[in-house]
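# Coordinates in review
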There are 2 protein chains.
Amino acid sequence: MTTLASVAAVLRCFSEERTELTVTDVAALLPAPKSTVSRLLRAMRDTGFIESVGETKRYRPGVMLFEAGHIYRHASTLVERADEVVKAVSAQVGHSGYVSVRDGLDVVGLTYHAGSHVLRVATPIGRRLAAFASATGRTLLARLSDEEVRRLYPTLPTPPSPNAPQTVEELLVRLSQVRREGFAESNDEANRGVAAIAVAVGDPETREAVSLCVTFPAATITPGERNAILQGLLAGAKRISAILGDGRNHNTKTN
Amino acid sequence: MTTLASVAAVLRCFSEERTELTVTDVAALLPAPKSTVSRLLRAMRDTGFIESVGETKRYRPGVMLFEAGHIYRHASTLVERADEVVKAVSAQVGHSGYVSVRDGLDVVGLTYHAGSHVLRVATPIGRRLAAFASATGRTLLARLSDEEVRRLYPTLPTPPSPNAPQTVEELLVRLSQVRREGFAESNDEANRGVAAIAVAVGDPETREAVSLCVTFPAATITPGERNAILQGLLAGAKRISAILGDGRNHNTKTN
DNA sequence: ACACGAGTTGCAAATTATGGAACTTTTGGA
DNA sequence: TCCAAAAGTTCCATAATTTGCAACTCGTGT
């Protein structure tokens, strides 16, 4: 394992549930010998990747990562436009919305707008979900060919819920449906009692694709509300697509 | 230069003005031989520190940095509390506010609330300013002893404006004033026509310190508005200090 | 077609990282 | 307060990775 791979592995150990790490934590998580980890964390601290928490031997991400991450987030025209759409739809229907990107087998939330209704999901910003087991992820996977999807998923990871695809074949069927309908839905899949509608759009120049998503309570959503969400997202994605020249907008049906 | 130092140096080349980098860019900026840079960027891309922009040879920060940066930002109780204070004062007086931390000789903006008045400064999030030449920076430097400040500044960097301290001795005088008064002001210093008031507060457990700041147009601010800003920040900092046990709140005067 | 600039690759030498073991420091319980 | 255990650090020979020069490839513009 190269130094870079080690550093990346350490950074991936941080999460919202584990915002600080010790030598022993990292030694167990990587796994790697304590001596190696001790020196690695020291070097990471000295170069700004992590910082000590006060005078303790605990480490947390360094401000340099915040700065670079900020640039990541704010340099993308596509994300900006997608966020505007999601914000407007979210405000219109009163449910939470967010924008995600795919990173390998996962989707990562980049932006979030809390809804005004009582149902609040935890902020998805910086949070990872399995792409195959979420509406946002499936809209992004649907932009790949079946061959590309098969290569990405030689075998399917353990599905996190019974409503998620259970086999690669089922996933492909679901993706085919996303392509036909232009959007994906999830129901009681990533969060109990929560459903979501998602639409993807891309920027052919940067080869970026993002998923626009609104979540809502599965049990109490009205058909009118659901339709407003869907139309809002589809129309927004179409506008973005027209501006950026995606030409792969899946808005083929009005449902 | 170790691999880690090289990677950190590359990440610091990104900015809001330079969101993408090429091999040639980095070779000039570091500086380093093209061959070294080519392989370094390749390794960084392979491990998630950077991503290719579409099919081009340009690179930008990777989503992994966004994730780690998000954790940095949201793991801090102090930043959260400071942000609430700044948000409330900003909403009350209608001017922009933000929270900053010090990183070496710089301050970095972490949060931002745009004011409702016409004067909008560019978002300070992720942006660096010279600590000695900004109100936020001086509130944070004032928490150091004079000896620590002298060690940090053997010589003073070139002042970016005539209103900034011009010598280390002048800086120390200004910091002494901040300690006495409990806040710092800047006027036409970081941004033309813009003034700022800042108050610092810390968390003794994590040894964090943040600066709470509100900016406003230097020419049109009224004494009442200025006082509302100052009192709002000082009172908020005092509340935080009482909760976190800072005991170094500089709220020694009501002015 | 050609020149030039951007970027990549080969290879020997230089430099850095590793892991086991010994050591030091910190922590928690009696 | 003391002591054992756990956490963390450092030494050192070996292994692994990185480096920079030079040659090469690719893309672009005239």
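Here's a quick rundown of the structure. Just so it is clear, the structure is predicted and the values come from calculations on it, not from any experiment. (Residues numbered from 1 in each chain as written. Chains lettered and ligands numbered in written order. Predicted model: local features only at pLDDT ≥ 70, side-chain atom pairs only at ≥ 80, totals over all residues. Heavy atoms only, no water.)

Here we come to the packing of aromatic side chains. Here the structure, examined in full by the defined rule, presents five aromatic pairs over all chains. When the ring of Phe49(A) is compared with that of Phe49(B), the centres are 6.0 Å apart and the planes differ by 70 degrees; the resulting orientation is edge-to-face. Of this pair, Phe49(A) sits in the loop between α3 (34-47) and β1 (50-52) while Phe49(B) sits in the loop between α3 (34-47) and β1 (50-52), placing the two residues on different chains. Note on accessibility: Phe49(A) and Phe49(B) belong to one class, buried. Pairing Phe132(A) with Tyr153(A) gives two aromatic rings, centres 6.0 Å apart and planes at 70 degrees, and the pair type is edge-to-face. Here Phe132(A) is found in the loop between β5 (128-130) and α6 (135-141), whereas its partner Tyr153(A) is found in the loop between α7 (146-152) and α8 (168-181), with 21 residues between them in sequence. Assigned by exposure class, Phe132(A) and Tyr153(A) land together as buried. (Phe/Tyr/Trp six-rings, centres within 6.5 Å; stacked < 30°, edge-to-face > 60°. Helix = DSSP H or I, 4+ residues; strand = E, 2+ residues; numbered from the N terminus. Buried < 20%, exposed > 50% of the residue type's maximum accessible area, 1.4 Å probe, protein only.)

Our focus in this paragraph is the packing of helix α1 (residues 3-13) of chain A against α3(B). Taken N-terminus to C-terminus, the directions of α1(A) and α3(B) make an angle of 30 degrees; their axes are 9 Å apart at the nearest point. The two elements α1(A) and α3(B) cross, and the hand of that crossing is right-handed. Facing Leu4(A), Ala5(A), Ala8(A) and Arg12(A) of α1(A), the residues of α3(B) in contact are Ala43(B), Met44(B) and Thr47(B). (Axes fitted to C-alpha atoms, helices over the stretch in contact; angles between N-to-C directions. Left-handed = near helix turned anticlockwise from the far one by under 90°. Contact = heavy atoms within 4.5 Å.)

Moving on, we come to the sheet that holds strand β6 (residues 184-187) of chain A. All names here are of chain A. Spatial ordering of the open sheet is given by β5-β4-β3-β8-β7-β6, a layout of six strands whose pairing is antiparallel. What marks the edges here is a single partner per strand, and that holds for β5 and β6. Here the strands of the sheet are splayed against their neighbours by 30 degrees on average, with no regard to which way each runs. Across three bridges, the pairing between strand β4 (residues 106-113) and β5 is antiparallel. Residue pairing for β5: Asp106 is matched across the bridge by Ala130. Against the sheet, helix α9 (residues 223-244) engages β6, β7 (194-203) and β8 (208-217), with an angle of about 10 degrees to β7. (Pairing = 2+ DSSP bridges.)

The values are spatial; any link to function lies outside them.
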